[in-house]
Amino acid sequence: MRYWLWPRCREMQPALTGTFVGLYAAGGKYDLGTDGKGDQGEFTSLGLTVGHSWVLSRRFNIELSASLGYVGGPKVHYENEFDDTHLIYRRNNDFHYVGPTKLKASLVWLLGNKSKKGGDR
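Residues numbered from 1 in each chain as written. Predicted model: local features only at pLDDT ≥ 70, side-chain atom pairs only at ≥ 80, totals over all residues. Heavy atoms only, no water.

Trainee: Explain the environment of arginine 90 residue by residue, including any values.
Mentor: Tracing the backbone through its elements, the reader meets arginine 90 in strand 5 (residues 86-109). For the pair formed by arginine 90 and valine 76, sequence separation is 14 residues and the distance between their alpha carbons is 7.4 Å. (Helix = DSSP H or I, 4+ residues; strand = E, 2+ residues; numbered from the N terminus.)

Trainee: Describe the packing of aromatic side chains, naming the residues involved and giving the relevant values.
Mentor: Applying the stated criterion to the full structure yields 2 aromatic pairs. Ring geometry for tyrosine 30 against phenylalanine 95: centres 6.4 Å apart, planes inclined by 75°, an arrangement best described as edge-to-face. Residue tyrosine 30 is found in strand 2 (residues 18-34), and its partner phenylalanine 95 is found in strand 5; the two are separated by 65 residues along the sequence. Over the ring of phenylalanine 20 we find arginine 2; its NZ or CZ atom is 4.0 Å from the centre of that ring. Residue placement shows lysine 102 over the ring face of tyrosine 24; its charged tip is 4.5 Å from the ring centre. (Phe/Tyr/Trp six-rings, centres within 6.5 Å; stacked < 30°, edge-to-face > 60°. Lys NZ or Arg CZ within 6 Å of the ring centre and 35° of its normal.)

Trainee: Tell me about the pairing of strand 2, and name the residues and values.
Mentor: Pairing of strand 1 (residues 2-4) with strand 2, which is carried by 3 bridges, proceeds in the antiparallel orientation. Looking across to strand 2, one finds that tryptophan 4 is bridged to phenylalanine 20. Sheet topology places strand 2 next to strand 3 (residues 37-55); 17 bridges connect them, and they run antiparallel. Looking at the pairing, leucine 23 lines up with leucine 48 of strand 3. Hairpin remark: strand 2 followed by strand 3, antiparallel, with 2 residues in the connecting loop; positive phi at aspartate 35, about 55°. (Pairing = 2+ DSSP bridges.)

Trainee: I'd like a rundown of the side chain of asparagine 61, residues and numbers included.
Mentor: By the secondary structure assignment, asparagine 61 is in strand 4 (residues 60-81). With residues near it in sequence (within four places) discarded, asparagine 61 still touches Ala15, Leu16, Thr17, Ser53, Trp54, Val55, Leu56, Ser106, Leu107, Val108 and Leu110. (Contact = heavy atoms within 4.5 Å.)

Trainee: Lay out the pattern of salt bridges in plain terms, naming residues and giving numbers.
Mentor: Considering all chains together, one arrives at 3 salt bridges under this definition. A salt bridge links arginine 2 to glutamate 63, with the nearest nitrogen and oxygen atoms 2.7 Å apart. With arginine 2 in strand 1 and glutamate 63 in strand 4, the pair connects residues that are 61 residues apart, well separated along the chain. Using a relative accessible area of 38% as the deciding quantity, one classes arginine 2 as partly exposed. The exposure class assigned to glutamate 63 is buried, which follows from its relative accessible area of 5%. Lysine 29 is paired through a salt bridge with glutamate 42; the nearest N and O atoms lie 3.9 Å apart. Of the two residues, lysine 29 sits in strand 2 while glutamate 42 sits in strand 3, which places them 13 residues apart along the sequence. What makes lysine 29 exposed here is its relative accessible area of 70%. Since its relative accessible area comes to 40%, glutamate 42 is described here as partly exposed. (Salt bridge = Lys/Arg side-chain N within 4 Å of Asp/Glu carboxyl O. Buried < 20%, exposed > 50% of the residue type's maximum accessible area, 1.4 Å probe, protein only.)

Take it as geometry only, folks, not as evidence of what the structure does.
Now the structure itself:
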């Protein structure tokens, strides 16, 4: 969800350009491991995003943004035993983190019906 600051009609900016603030939510499952040890779990993330989008061409924008928020969820630490045939779960606990959660640089492809002569339709 985004709110675009400085309405484009005042500055005659094209759609989806300029500075914005927004909210984001994410979630998923993970299994990260190396050398027979690792962590499995699920996470949820919520936060606030701020960014800016610039026109690159008629169909493309460049967008930079940064997010601050919360990431947390249950996790389990495991180790391989018996020649990697069994997983032994060692610890079961939750993790919580508050701080920077995302830095993003994007090439945005604008879909739609734009005419070269008539502008936005």
